[in-house]
Amino acid sequence: MSTVSSETNTQDADRVRIFDTTLRDGEQSPGCSMNLEEKLQVAGVLEEMGVDIIEAGFPIASNGDFAAVQAVARMVKKSTVAGLARASRKDIDRAAEALKGAVRPRIHTFIATSPLHMKYKLQMEPDAVHQAVADSVSRARDLCDDVEWSCEDGTRSEHDFLCRCVETAIKAGARTINIPDTVGYTIPAEFHALISMLFERVPNIDKATVSVHCHNDLGLAVANSLAAIVAGARQVECTINGIGERAGNAAMEEIVMALRTRRDVLPYSTGVKTESFTKASRLLSAITGFSVQPNKAIVGANAFAHEAGIHQDGVLKHTGTYEIMTPESIGLRRSTLVMGKHSGRHAFRSKLAELGYADLSDNALQNAFQRFKDLADHKKDIYDEDILALVDDAVVRHNDHIRFVSLQVVCGSKGPQTAELELEVDGELKHAKVQGHGPVDATFAAIKEIFPHQISLQLYQVHAVTEGTDAQAEVTVRLEENGRTVNGQGADYDTLVASARAYVNALNKLLVKREKTAPAALSA
Ligand code: KIV
Ligand code: ZN
């Protein structure tokens, strides 16, 4: 196999590289799976926003993962593209193969180093693990110039053994040494001490960039990442919206905005354009159907909302009284009244460009414009948020097998609640009229009648996109089938139509065949 080459961007001492793992660790978490096209959309936004390294997937995990890493590697030109591999020749060769088309490829190989993981998961003696570190990194370096090595469960590893493995990985050619807090166990002072210890004790540590990868089980992922940066780490691994296994990974927007806002005590820079955070967060949420909690830092709907009168008064007098960052710095525009029913396609397109959607496909634009016209017939004031909800819908839906066509519901206290539904299934129009226990139940039962399935509904959630009784409803539906969960979202001024759209969106995701054969050792 030929060697793939890469340059590593060495910058000034205080520059922190942002390694995004939304498409790998994030995508691995339940309900967050994305298809190839969606992964490309996310990768495009990550590159545009200046992320240094995009971890595109785990090529050995499935053919779908391989194809996604390959496609991202071919598309992305400015960011480094990484593929994950366990410490085995097969994994590493597969990752190198997937990365062949990349301008800046990186193989990221890992093995667990904690006593618990080595004994029970790997069933390997420490000496064998140490040998595997040398062998795997050397193999990866034979195939790629840029190799990152991770010690899974690093924060629960014995220090002497960890130092020995790190030194060996660097000797074998790893340029980046990543210390994961795989189970989100550490606390900031302890993690700072661990990173400092590695700088003190590993003789060749200056030959590599130290990276950290924190999970959020105790809600400390961002705090731990920042503590590690202070101790000398110059790469952080993170995800948009903090998605990831269990309680998630460190949220990129929180780390980067903490560095930007508190430069006085954290004098480090990143190359990320923070103004893209709102767009990236919305796109990911629309694709995965994983909504962001309203009070989430930086990108939550309430992050810049001031409800209490005393706060509103202060902000009106001087925004700095209660705002430590401006909404504009994360790409959030003060909500404006945008358009009405007389606005034409040209004005709509300009509005979309202003909101960061200059590159919608003709189909998606057409779909969104039609929905806008329809909404304008029913809702007097249309705000940026309304337009964004429509676009999110249009961006997500244009490749669906099942399409929503129309819904007529009879509801109210007299009953029986009945839903009359039309769906297009692979281009064929289908119709059902079904009674249910309430209008939502009847709507979902009608979907089941048209497209029979054994799938359980795990979550049904509605929220209003803007204020007022004519606000659009944004509905999230979570479906589960054989242990696989997906989230669907739908927006409409009619809550039941939004519900049907959300259910159909989730169903479409389940239909995307993803023969994931998760490797046994993948617990990260
Ligand atoms: O959490 C973890 O340990 C990981 C590694 C594979 C980096 O995701
Ligand atoms: Zn992880």
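Conventions and cut-offs
Residues numbered from 1 in each chain as written. Chains lettered and ligands numbered in written order. Predicted model: local features only at pLDDT ≥ 70, side-chain atom pairs only at ≥ 80, totals over all residues. Heavy atoms only, no water. Domains from an automatic or database assignment. Contact = heavy atoms within 4.5 Å. Buried area = accessible area lost by both parts, 1.4 Å probe. Salt bridge = Lys/Arg side-chain N within 4 Å of Asp/Glu carboxyl O. Polar contact = N/O pair within 3.5 Å; in protein donor to acceptor, adjacent residues only side chain to side chain. Helix = DSSP H or I, 4+ residues; strand = E, 2+ residues; numbered from the N terminus. Disulfide = S-S within 2.5 Å. Buried < 20%, exposed > 50% of the residue type's maximum accessible area, 1.4 Å probe, protein only. Pairing = 2+ DSSP bridges. Axes fitted to C-alpha atoms, helices over the stretch in contact; angles between N-to-C directions.

(A) Fine view of the domain arrangement of the protein chain. According to the domain assignment, the protein chain contains domain 1 (6-288), domain 2 (333-395) and domain 3 (402-513). Measuring from the centre of the C-alpha atoms in domain 2 to the corresponding centre in domain 3 gives 23 Å. Taken together, the contact between domain 2 and domain 3 spans 12 residues of the former and 12 residues of the latter. Carbon and sulfur atoms supply 51% of the area that domain 2 and domain 3 bury against each other, a total of about 960 Å² over both sides. If you sort the residues of domain 2 by the area they bury against domain 3, R371, K379 and A389 come out on top, with a joint share of 40%. Along the contact surface separating domain 2 from domain 3 lie 0 salt bridges. Linking domain 2 with domain 3 are 3 residue pairs in polar contact (both at pLDDT 80 or more), by the criterion used here. Of all elements in the fold, only α14 (362-378) and α15 (384-397) reach the threshold of two or more residues within the side of domain 2 that touches domain 3. Here the side of domain 2 that touches domain 3 takes 5 residues from α15, the largest share from any one element.

(B) Structural detail: the state of the cysteines. Within this structure, the stated rule accounts for 0 disulfides. Here C32 stays unpaired: no disulfide links it, and the sulfur of C238, its closest cysteine neighbor, is 15 Å away. Here C144 is not cross-linked by a disulfide; its sulfur's nearest cysteine counterpart is in C151, at 20 Å.

(C) Spatial organisation of unusual backbone geometry. The residue after G415, namely P416, is reached through a cis peptide bond having omega -10°. The backbone phi angle of Q123 is positive, close to 50°, even though this residue is not glycine. Checked against the element boundaries, Q123 lands in the loop between α5 (115-122) and α6 (126-143). A positive phi is found at N241, a non-glycine position, where the angle reads about 65°. Relative to the helices and strands, N241 resides in the loop between β8 (235-238) and α10 (252-261). Residue classification places N241 among the buried residues on the basis of a relative accessible area of 12%.

(D) Examining the sheet that holds strand β12 (residues 417-425) more closely. Strands sit in the order β11-β12-β13 across an open sheet of 3 strands; the sheet is antiparallel. Looking at which strands have only one partner, the edges of the open sheet turn out to be β11 (402-410) and β13 (428-436). Between one strand and the next, the sheet's axes are offset by a mean angle of 15°, whatever the strand orientation. Each of β11, β12 and β13 touches helix α16 (residues 439-450); the most contacted strand, β12, lies at about 35° to it. Its contacts with the sheet place helix α17 (residues 495-511) against β11 and β12, and it is angled at close to 150° to β11.

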